[in-house]
Amino acid sequence: MSVNKQFINGVWVDAVDGHEISLVNPATEEVLSRISFGNGKDAILAIDAADAAFKTWSKTTPYYRAEILKKAANYLRENLDKIAHDMVLESGKPLLEARGEWTVAANLFEWYAEEGKRAYGKVIPTNRVDKRSSVILQPMGVIGVITAWNFPAYNPARAWAAALAAGCTVVAKPSEDTPLSAYHLVNALSAAGLPPGVLNLVIAEASPVGDAMLHDKRVKKISFTGSTRVGKILMDGASRTHTKLSLELGGNAPVVIFDDVDVDEVAKAAAIARFRNNGQVCVAPQRFYIHKNIYDQFAESVKKYVSLLKVGSGFEEGVNVGPLITGKQRDSVFDLLEKTRIEKAEVLTGGHRPHHLDKGYFIQPAVVANLNQSSTLARHEIFGPVLPLFRFDDLEDALHKANDTEYGLAAYAFTNNLKTAIKVSEGLEFGIVGINEWAPHGTELPFGGWKYSGQGHESGSEGLYEYMEKKLISIGGI
Ligand code: ADP
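Everything numeric in this text was worked out from a predicted model, so none of it was measured. (Residues numbered from 1 in each chain as written. Predicted model: local features only at pLDDT ≥ 70, side-chain atom pairs only at ≥ 80, totals over all residues.)

Enquirer: I'd like a rundown of helix 4 (residues 95-115), residues and numbers included.
Expert: Look at helix 4: 30 Å from first C-alpha to last across 21 residues, which is about the 30 Å you get at 1.5 Å a residue. All of the buried residues in helix 4 are Glu97, Ala98, Glu101, Trp102, Ala105, Ala106, Leu108, Phe109, Trp111, Tyr112, Ala113 and Glu115. Each element contacted by the buried residues of helix 4 is listed here: helix 2 (62-78), helix 3 (80-91), helix 5 (154-166) and helix 15 (460-465). (Helix = DSSP H or I, 4+ residues; strand = E, 2+ residues; numbered from the N terminus. Expected span 1.5 Å × (residues − 1). Buried ≥ 20, exposed ≤ 12 C-beta atoms within 10 Å, placed from the backbone. Contact = placed C-beta atoms within 7 Å.)

Following this line, the structure appears as structure tokens:
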């Protein structure tokens with residue numbers, strides 16, 4: 001069985017201490033391959049390489065960098081069949097979703113290739129005739145990028161593309177649960193002519209790598225996509241080391257559905273949106289607040305559509321929902337469901353192992369009713385295939401309940417009333433609000449959370465500026 005390695009200074013190498021782990025297919029529980037698994041020592045080697053490469057990469061023009069990023073985008077498009085296949089193997093997600101994710105990853109490389117050319121800065125008129133002031137943007141330096149497994153290509157691509165376009169070099173630590181997609185991203189950049197050391201990949205023990213990044217003064221920023229729990233650990237460390245952070249953390253998105261909508265249509269779309277990537281999405285619609293006039297009708301409809309979802313291997317034609325990423329993740333969802341049952345909630349459908357599958361980390365998609373604001377399913381980010389239903393009376397009640405969470409990433413609302421749409425979008429305390437749509441994100445749009453959901457932004461021009469320092473230049477005595 002082949003062993004996948006680390007990528008440091010342009011070369012595939014074994015982890016310093018020679019340790020290996022197995023990569024498991026979540027749909028079959030079979031070992032897919034062996035992974036060279038490093039620790040803090042590998043991270044230091046990667047930082048050495050990234051620091052050395054920064055001296056030349058940061059001096060290249062954005063036009064030069066753009067050519068490489070666009071070639072990488074093309075490589076991903078040309079190899080879509082193979083790389084999407086590998087993503088299904090390691091993540092379990094349906095092939096269609098994997099193909100879509102790779103397409104977005106390619107688009108990110110292309111978009112940042114162009115946006116890097118537009119890091120304009122500005123000239124500021126001063127109040128003195130003998131003075132000229134301007135602000136320029138310069139690449140920060142070495143960026144540590146730590147990412148989660150739920151979007152094995154999108155999460156790294158979003159940060160790598162922006163950082164590389166800005167002129168930074170990268171030490172990347174993706175999740176060891178989904179390294180194959182990271183290898184393909186590295187291969188794409190490598191084939192596109194990225195110079196050695198500009199992008200380094202370390203698949204390794206999380207905490208020692210995080211510590212190495214935090215304590216090494218050459219790492220100017222850590223970009224992290226993952227749980228609020230780990231985000232807090234990094235904030236704690238950064239408070240002592242002064243490392244800058246961009247944090248994309250957890251969410252607990254409310255969906256407010258008013259009584260003027262086509263109930264069956266919204267329920268049908270909700271059953272798809274909620275279970276995209278098996279609910280393992282930080283912007284996943286989670287807490288469904290339904291107006292009291294349509295609650296029963298919505299519950300009936302959504303139960304019908306959710307029970308029609310096809311669960312199985314991501315390779316199977318027509319499958320909507322694959323396995324969860326690990327046995328641990330599946331068990332954490334079962335635990336939440338168990339607590340919910342103890343709280344006297346009513347599971348309308350699903351919530352058990354699918355009867356036709358005896359291997360793999362599957363859960364039959366669930367709809368749960370009879371919940372309130374203190375229910376476990378209202379308080380916790382579920383990250384799994386469960387759709388909880390809540391009731392609200394009016395706009396004020398909906399906003400109060402929707403905002404009653406420590407998270408502030410995404411929120412959704414459905415209404416055909418313009419006034420309601422404006423009031424609800426302005427009243428929701430979240431960084432991303434979708435009105436009458438389930439996908440309020442895109443390569444060109446800023447993505448970031450309020451409250452415990454993070455700090456800073458990814459994607460859009462905001463995502464580029466996260467990796468650039470502003471410098472004021474003031475010239476006097478003119
Ligand atoms: P999950 O447990 O769902 O993978 P995490 O937030 O723990 O979510 O993981 C996101 C990423 O953060 C992964 O690459 C993981 O290995 C990494 N990670 C976990 N713990 C730490 C830590 N203490 N320091 C730095 N990175 C960490």
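Enquirer: Quick rundown of the site of the ligand? Include the residues and the values.
Expert: Around the ligand, a shell composed of 13 residues is seen, among which Ala206, Gly210, Gly226, Ser227 and Val230 lie nearest. Of all the elements in the fold, those that place two or more residues in the shell around the ligand are helix 7 (206-215) and helix 8 (228-241). It is helix 7 that contributes the most residues to the shell around the ligand, 3 residues altogether. Residues that form the shell around the ligand fall into these classes: 6 nonpolar, 6 polar and 1 charged. (Near = placed C-beta within 6 Å. Nonpolar A, V, L, I, M, F, W, Y, C, P; charged D, E, K, R; others polar.)

Enquirer: Describe helix 2, and please don't skip the residues or the numbers.
Expert: The first and last C-alpha atoms of helix 2 sit 24 Å apart over 17 residues, in line with the 24 Å expected at 1.5 Å per residue. Here helix 2 has its buried residues at Pro62, Arg65, Ala66, Ile68, Leu69, Ala72, Ala73, Tyr75 and Leu76. Check the buried side of helix 2 and you find it contacts helix 3, helix 4, helix 5 and helix 6 (179-191).

Enquirer: Provide a residue-level description of the UniProt feature "active site" (unreviewed entry) in the protein, including the pertinent values.
Expert: Within this numbering scheme, the UniProt entry marks Glu248 as carrying the feature "active site" (unreviewed entry). Overall, Glu248 belongs to the buried group, with 28 C-beta atoms counted inside 10 Å. Once residues lying within four places of it in the same chain are set aside, the contact partners of Glu248 are Phe224, Thr225, Cys282, Gly449, Gly454 and Glu458. (UniProt positions renumbered as here; feature names shortened; annotations may be inferred.)

Enquirer: Can you break down the sheet that holds strand 17 (residues 386-392) residue by residue, with the values?
Expert: Pairing is mixed across the open sheet formed by 7 strands, whose spatial order is 15-16-17-14-13-19-20. Because the sheet does not close on itself, it has two edges, and the strands there are strand 15 (346-349) and strand 20 (432-435). Shown here is a sheet whose adjacent strand axes are inclined to one another by a mean of 25°, direction ignored. Contacting strand 13 (253-257), strand 14 (285-291), strand 15, strand 16 (366-369) and strand 17, helix 10 (residues 295-307) runs over the sheet at an angle of about 55° to strand 15. (Pairing = 2+ DSSP bridges. Axes fitted to C-alpha atoms, helices over the stretch in contact; angles between N-to-C directions.)

Enquirer: So, the domain arrangement of the protein: which residues are in play, and what are the values?
Expert: Splitting the protein by domain gives domain 1 (6-249 + 453-473) and domain 2 (253-435). At the junction of the two partners, domain 1 supplies 17 residues and domain 2 supplies 22 residues. Elements with a minimum of two residues in the side of domain 1 that touches domain 2: helix 3 and helix 4. (Domains from an automatic or database assignment.)

Enquirer: Could you give an account of the nonpolar core, with specific residues and numbers?
Expert: Of all hydrophobic cores here, the largest spans 84 residues; its most connected members are Leu69, Trp160, Ala163 and Val170. Contacts of Leu69, omitting those with residues within four sequence positions, involve Phe109, Tyr112, Ala113, Ala161, Leu164 and Ala165. Grouped together as the second largest cluster of nonpolar side chains are 67 residues, Ile290, Val311, Leu324 and Val424 included. (Core = buried A, V, L, I, M, F, W, Y, C linked by C-beta atoms within 7 Å.)

Enquirer: So, the UniProt feature "domain: Aldehyde dehydrogenase" (unreviewed entry) in the protein: which residues are in play, and what are the values?
Expert: In this structure's numbering, the residues bearing the UniProt feature "domain: Aldehyde dehydrogenase" (unreviewed entry) are residues 12-472. Structurally, residues 12-472 is divided into 41% helix and 21% strand, and its ends, taken at the C-alpha atoms, are 41 Å apart.

Enquirer: I'd like a description of unusual backbone geometry, backed by residues and values.
Expert: In this structure, His242 takes a positive phi of about 65° despite not being glycine. Looking at the element boundaries, His242 is found in the loop between helix 8 and strand 12 (244-248). Phi is positive for Asn277, close to 50°, though the residue is something other than glycine.

Enquirer: Describe the sheet that holds strand 6 (residues 122-124), and please don't skip the residues or the numbers.
Expert: Taken in spatial order, the 3 strands of this open sheet run 6-7-23, and their pairing is antiparallel. For this open sheet the edge positions go to strand 6 and strand 23 (468-475), each flanked by a neighbour on one side alone. The mean inter-strand angle of the sheet, taken between neighbouring strand axes irrespective of direction, is 25°. In terms of strand pairing, strand 7 (residues 132-139) meets strand 23 through 8 bridges, oriented antiparallel. Counted as the bridge partner of Ser134 is Ile473 from strand 23.

Enquirer: Could you give an account of the environment of Lys117, with specific residues and numbers?
Expert: Tracing the backbone shows Lys117 in the loop between helix 4 and strand 6. Lys117 sits in the partly exposed class, given 14 other C-beta atoms within 10 Å. For the pair Lys117 and Arg65, spaced 52 residues apart in the sequence, the C-alpha separation amounts to 9.3 Å. Leave out the neighbours within four places in its chain, and Lys117 touches Pro62, Tyr63 and Ala66.

Enquirer: Pulling in residues and values, what's your account of the packing of helix 2 against helix 4?
Expert: At a minimum axis distance of 8 Å, the contact between helix 2 and helix 4 shows a crossing angle of 165°. As far as their axial angle goes, helix 4 and helix 2 are roughly antiparallel. In terms of crossing hand, the pair formed by helix 2 and helix 4 is left-handed. Here Ala66, Leu69, Lys70, Ala72, Ala73, Leu76 and Arg77 of helix 2 lie close against helix 4, whose contacting residues are Trp102, Ala105, Ala106, Phe109, Glu110, Tyr112, Ala113 and Glu114. Looking at the contact of helix 2 with helix 4, its residues break down into 11 nonpolar, no polar and 4 charged. (Parallel < 35°, antiparallel > 145°, perpendicular 65-115°, else oblique. Left-handed = near helix turned anticlockwise from the far one by under 90°.)

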